[in-house]
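# Structural overview for review
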Amino acid sequence: MKGMPILVGEMVVLRPIAARDADGMWDMCHDAEGNRLTGTVVEFTREQIESWCATVAERAGRADWAMTHHSDEYLGEIVLNMIDEHSRSANLRLALRPGQRGRGFGGEAITLVLDYAFAPAPEGLGLHRISLDVLSINPRARALYGSLGFVEEGRHREAHRDGEHWCDVIDMAILADEWRSARAEA
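Residues numbered from 1 in each chain as written. Predicted model: local features only at pLDDT ≥ 70, side-chain atom pairs only at ≥ 80, totals over all residues. Heavy atoms only, no water.

## Brief notes about the packing of aromatic side chains
Our working rule: Centre distance within 6.5 Å is the pairing criterion for rings of Phe, Tyr and Trp, where only the six-membered ring of Trp is used; planes under 30 degrees apart are then read as stacked, over 60 as edge-to-face, and the remainder as tilted. Think of it this way: any DSSP run of H or I at least four residues long counts as a helix, any run of E at least two long counts as a strand, and we number them from the N terminus. Summary of the burial criterion: residues with accessible area below 20% of their type's maximum are buried, those above 50% are exposed, and those between are partly exposed, where the area comes from a 1.4 Å probe applied to protein chains only.
For the structure shown, the criterion picks out two aromatic pairs. Measuring from centroid to centroid gives 5.9 Å for Trp 65 and Tyr 116, while their planes differ by 90°, and the two rings are edge-to-face. Of the two residues, Trp 65 is situated in strand β3 (residues 63-68) and Tyr 116 in helix α4 (residues 105-118); the sequence distance between them amounts to 51 residues. As far as the burial class goes, Trp 65 and Tyr 116 line up, both buried.

Below is the structure:
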C-alpha cells in the first residue's frame, strides 16, 4: 500500500518492507518452528522472496511492515491484509525471525499497528474491525492476542495438520471501540 507510515515504538520501528529485507525474510521463511506455529506450509525460493520484498509495498489492499530494531535490524514482519474499505476491516498477520519470539517485539508492533489502523483518516486507516487466526498449538500467541483485547469468535476444529496430528484454528478479532477502551484503561 503506497504511503504507509513509519511507526516508531520504544523497542521496534515498523517501516514498509523493502528489497533490503530479503535476507531477514529468507531466514524467517526457513525457520521450522516459526512455520509450524504460524501454519506456514508453502516453501519459497530465494527469487520469490527477493521479488516479494522489492514489490509488496506497492500492492493494493494490504500494508506490510518490516519490524526492525532502531538500528534497522530485521526482526520480522507485521501485515494488515485483506483490507476492505467498504466494511472497514482487515486481517492481521505477524511473523518473527528465529530468536526474536518472546522478547516483547510482537506485542509492541501489534499495538503500533492497531493504533494506526483504528485512527480516523487521514492519520490512520479508520478501520472498524481487525481479525486474525491462530493455531491451538501456539498458546503464547493466543495469550498475547487476548492480552491486547482480541476476542475468540470461533474455532475450526482439527482444521490444520501439524505433522501427524491435527490442531484447531481459532478465529479472533478486535473492534475499534474495544481497542480504544483498552487503551484508555492502560
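## Quick word on the packing of α4 against helix α6 (residues 176-185)
For clarity, the cut-off: Between N-to-C directions, angles cover 0 to 180 degrees, with each direction set by a line fitted to C-alpha atoms, over the stretch in contact for helices. Any angle that falls under 35 degrees is termed roughly parallel, while one over 145 is termed roughly antiparallel, one within 65 to 115 roughly perpendicular, and all others oblique. Crossing handedness is read from the near helix: turned anticlockwise from the far helix by less than a right angle, it gives a left-handed crossing, and turned clockwise, a right-handed one. Note on contacts: a residue pair is in contact if any heavy atoms of the two residues lie within 4.5 Å. Residue polarity is assigned by list, with Asp, Glu, Lys and Arg as charged and Ala, Val, Leu, Ile, Met, Phe, Trp, Tyr, Cys and Pro as nonpolar; anything else, Gly included, falls into the polar class.
At a closest axis distance of 10 Å, the pairing of α4 and α6 adopts a crossing angle of 125°. As summarised for this structure, α4 and α6 are arranged oblique, according to the angle between their axes. As for how α4 packs across α6, the hand of that crossing is left-handed. Residues Thr 111, Leu 114, Asp 115 and Phe 118 of α4 pack against Ala 176, Trp 179, Arg 180 and Arg 183 of α6. The class makeup of the residues in the contact of α4 with α6 is four nonpolar, one polar and three charged.

## Considering the pattern of salt bridges
This is how it is decided: Definition used for salt bridges: Asp or Glu carboxyl oxygen within 4 Å of a side-chain nitrogen of Lys or Arg.
Under the criterion given, the structure shown has 17 salt bridges. When the shortest N-O distance is used, the salt bridge between Asp 27 and Arg 97 registers 2.5 Å. Pair noted here: Asp 27 is in helix α1 (residues 22-29) and Arg 97 is in the loop between β5 (89-96) and α4, with a separation of 70 residues, a long-range link. Among the ionic pairs, Arg 36 bridges to Asp 162, the shortest N-O distance being 2.8 Å. With a gap of 126 residues between them, Arg 36 in helix α2 (residues 32-38) and Asp 162 in strand β7 (residues 151-162) connect regions that are remote in the sequence. Under the relative-accessibility criterion, Asp 162 is labelled buried at 15%.

## Observations concerning the layout of surface pockets
Heads up, the condition is: Put plainly, a pocket is an open set of points on a 1 Å grid over the protein atoms alone with protein on both sides within 12 Å along at least five of seven lines, a cavity is a set where a 1.4 Å probe fits but cannot get out, and a lining residue has an atom within 4 Å of a point. Grid points are joined across faces, edges and corners, and a volume is the space filled by probe spheres set on the points.
One number sums up the size of the largest pocket: a volume of about 1,100 Å³. Considering the residues around the largest pocket, the lining is formed by 41 residues, among which Thr 38, Thr 40, Arg 93, Leu 94 and Ala 95 are closest to the centre. For the lining of the largest pocket, the element with the highest residue contribution is β5, accounting for six residues.

## Remarks on the environment of Thr 111
What counts is decided by this rule: Side-chain atoms alone can form a polar contact between residues adjacent in sequence; in general such a contact is a pair of N or O atoms within 3.5 Å, and within protein one must be able to donate a hydrogen while the other accepts it.
Note on placement: Thr 111 falls in helix α4. The class of Thr 111 is buried, set by a relative accessible area of 15%. As a C-alpha pair, Thr 111 and Gly 9 span 102 residues in sequence and 9.1 Å in three-dimensional space. When near neighbours in sequence (up to four residues on either side) are disregarded, Thr 111 contacts Leu 148, Trp 179 and Arg 183. Reaching out from Thr 111, the side chain makes a polar contact with the backbone oxygen of Gly 107 at a distance of 3.0 Å.

## Thoughts on the nonpolar core
We count it as follows: Definition of nonpolar core: a set of buried residues of the types Ala, Val, Leu, Ile, Met, Phe, Trp, Tyr and Cys, connected through side-chain atoms within 4.5 Å.
Core analysis: the biggest nonpolar cluster contains 38 residues, and Leu 14, Trp 65, Met 67, Ile 78, Leu 80, Ile 130 and Phe 150 have the highest contact counts within it. Listed by contribution, the elements that provide at least two residues to this core are β3, β4 (74-84), β5, α4, β6 (129-135), α5 (139-147), β8 (165-175) and α6. When residues of this core are assigned to their parent elements, the largest contribution, nine residues, is made by α4. Here Ile 78 is in contact with Leu 14, Ala 63, Asp 64, Trp 65, Met 67, Leu 92, Arg 93, Leu 94, Ala 109, Ile 110 and Val 113, once residues within four sequence places are set aside. The next biggest cluster of nonpolar side chains, apart from the first, holds 11 residues, and it includes Met 25, Met 28, Cys 53 and Ala 95.

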